[in-house]
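Residue-level listing of the chains:
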Amino acid sequence: MPKWEDNLRQVTPYVPGAQPQSKNVIKLNTNENPYPPSPKVVKAIQEMDLETAMRKYPDPTSGDLVHALENYHGLDEGQIFVGTGSDDVLSIAFLTFFNSDRPIIFPDVTYSFYPVWAQVYGIPYREIPLDESFRILPEDYGWIDPENRASAIDEGGDIPENGGVVIANPNAPTGISLKRGYVEQIIAANPDVIVIVDEAYIDYSRESVLPLLHDYDNLVIVRTFSKSRAMAGMRIGYAMSSPRLIRAMNDVAQSINSYTMSATTLKAGVASIEDDEYFRARIEDVRKTRARTIVELKKRFFNVLPSSTNFVFASPSRVKCETLFEELCARNIFVRHFNGERIRDYLRITIGTDREMDALFAAIDEIQG
Ligand SMILES: *Cc1c(COP(=O)(O)O)cnc(C)c1O
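Computed from a predicted structure; not experimentally measured. (Residues numbered from 1 in each chain as written. Predicted model: local features only at pLDDT ≥ 70, side-chain atom pairs only at ≥ 80, totals over all residues. Heavy atoms only, no water.)

**Focus: the sheet that holds strand E12 (residues 336-337)**
- Judged by pairing direction, the sheet is antiparallel, and its four strands sit side by side in the order E9-E10-E13-E12 without closing on themselves. Lying at the two open borders of the sheet, with one neighbouring strand each, are strand E9 (302-304) and E12.
- Bridge count for E12 against strand E13 (residues 347-350) is two bridges, and the pairing is antiparallel. Within E13, the position partnered with histidine 337 by the bridge is leucine 347. (Pairing = 2+ DSSP bridges. Helix = DSSP H or I, 4+ residues; strand = E, 2+ residues; numbered from the N terminus.)

**Concerning the site of the ligand**
- Taken together, Gly85, Ser86, Asp87, Leu90, Tyr111, Asp198, Ala200, Tyr201, Thr224, Ser226, Lys227 and Arg235 make up all the residues around the ligand.
- One of the backbone N or O atoms of aspartate 87 is found 2.9 Å from an oxygen atom in the ligand.
- A distance of 2.6 Å is found between an oxygen atom of the ligand and a side-chain nitrogen or oxygen belonging to tyrosine 201.
- Compared with its free state, where it exposes 390 Å², the ligand has 92% of that area covered by protein.
- Of the pockets mapped on this structure, the ligand occupies the largest pocket.
- The element contributing the most residues to the shell around the ligand is helix H4 (residues 85-97), with four residues.
- Here the shell around the ligand is built from residues that sort into four nonpolar, four polar and four charged. (Near = heavy atom within 4 Å. Polar contact = N/O pair within 3.5 Å; in protein donor to acceptor, adjacent residues only side chain to side chain. Areas by Shrake-Rupley, 256 points an atom, 1.4 Å probe, with all protein chains shown as cover. 1 Å grid on protein atoms, 1.4 Å probe; cavity = no way out; pocket = protein on both sides within 12 Å on 5 of 7 lines; lining within 4 Å. Sits in = over half its atoms within 2 Å of the grid points. Nonpolar A, V, L, I, M, F, W, Y, C, P; charged D, E, K, R; others polar.)

**Some details on the sheet that holds strand E5 (residues 164-168)**
- In spatial order, the strands read E2-E8-E7-E6-E5-E3-E4; together these seven strands make up an open sheet with mixed pairing. With partners counted over all chains shown, the strands left at the sheet margins are strand E2 (80-83) and strand E4 (125-128), one partner each. Recorded for the sheet is a direction-independent mean angle of 20° between the axes of neighbouring strands.
- Where E2 and strand E8 (residues 237-240) come together, four bridges link them in antiparallel fashion. Among the inter-strand pairings, glycine 83 is bridged to a residue of E8, identified as glycine 237.
- Sheet strands touched by helix H7 (residues 180-189): E5, strand E6 (195-198) and strand E7 (219-224). Its angle to E6, the strand with the most contacts, is close to 155°.
- Packed onto the sheet, helix H8 (residues 243-254) meets E2, E7 and E8 and runs at close to 30° relative to E2. (Axes fitted to C-alpha atoms, helices over the stretch in contact; angles between N-to-C directions. Contact = heavy atoms within 4.5 Å.)

**A word on empty space enclosed by the protein**
- Taken as a whole and assessed by the stated rule, the structure comprises two cavities of 30 Å³ or more.
- Together, Asn33, Pro36, Pro37, Ser38, Ser228, Arg229, Ala230, Ser272, Asp275, Tyr278, Phe279 and Arg282 line the largest cavity.
- For the lining of the largest cavity, the element with the highest residue contribution is helix H10 (residues 276-299), accounting for three residues.
- Its residues placed into classes, the lining of the largest cavity shows five nonpolar, four polar and three charged.
- Taken as a whole, the second largest cavity holds about 50 Å³ of empty space.
- Lining the second largest cavity are Phe134, Arg135, Ile136, Asn169, Asn171, Ile176, Ser177 and Leu178. (Points joined across faces, edges and corners; volume = space filled by probe spheres on them.)

Right, dumping it as structure tokens:
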């Protein structure tokens, strides 16, 4: 074995959902939006001139997009960090905030990229099991109910000190959302470390923790344009926090790469923010189809978890999960299956158009006989 083998950084990478290149598939496997982005986004891209789009470097501060997001969310200057997809934003956040010997904590069933970043950056981590109903319990993250303090301590509630907390809310791949008050308990119980709340699916849910930014200096919220804004291909994500923490993220990001967002991406992002009416309407479309999907899957004997996202996490009872997954694949319908111990009986199914979902139901009927 060559000596340099010892010096290789060896990691097991995150495996994203398949991106079949054929146009002939019903793609319900990576939670993309079934509808196109706003026509204003398309127009903004078409109107880009070569000079700006290609010859010159883009604005290293991503100023236009940052300001559009500050205005949209009613934040002050310096409260937005932007990156190439929320994967990039989360990765920079891990690198910036999790710099201690204590393990960071996140649920055992959640976005499977979290342990990968922890590994590549050498951050120790511990997975906290969700309860039997796949819920995140604030008690498991250090929260002690004041009314119940005595009993919590009696049970030996010695939750080890942690180096940070990561919560996806709504959680993925379960789709379950925690009400704001409960996320607040987790943030309040961990004042000495940074709590990252990954709100990739919040637009399909109800209760963002955004109003809590004023009250907690340890809160970082991460969002993406990939799902609700139908712009996965553009790679836009952002973080919202205090100017102090955003500055720390920018310092780390700019120590790796000064120019992350292309000029075209920045223009498209601003155009999306400016067309709120279109954005809201498409979210409603997905919500309606989601309600229908849950009813139709239950009719077909699936156990379906409550969903606050643009996907459902559902377990068939009439046919083995793997069989269904493969039979759907054979019919060019792609859904996502994870092999984790607790979730291998579930499929994560993205909400597509009504027509796409009808094709899914018909295929299930055919498979289940
Ligand atoms: C999709 C997703 C992301 C990453 O999205 P980007 O395309 O990188 O912006 C992050 N977190 C969760 C929970 C997701 O589902």
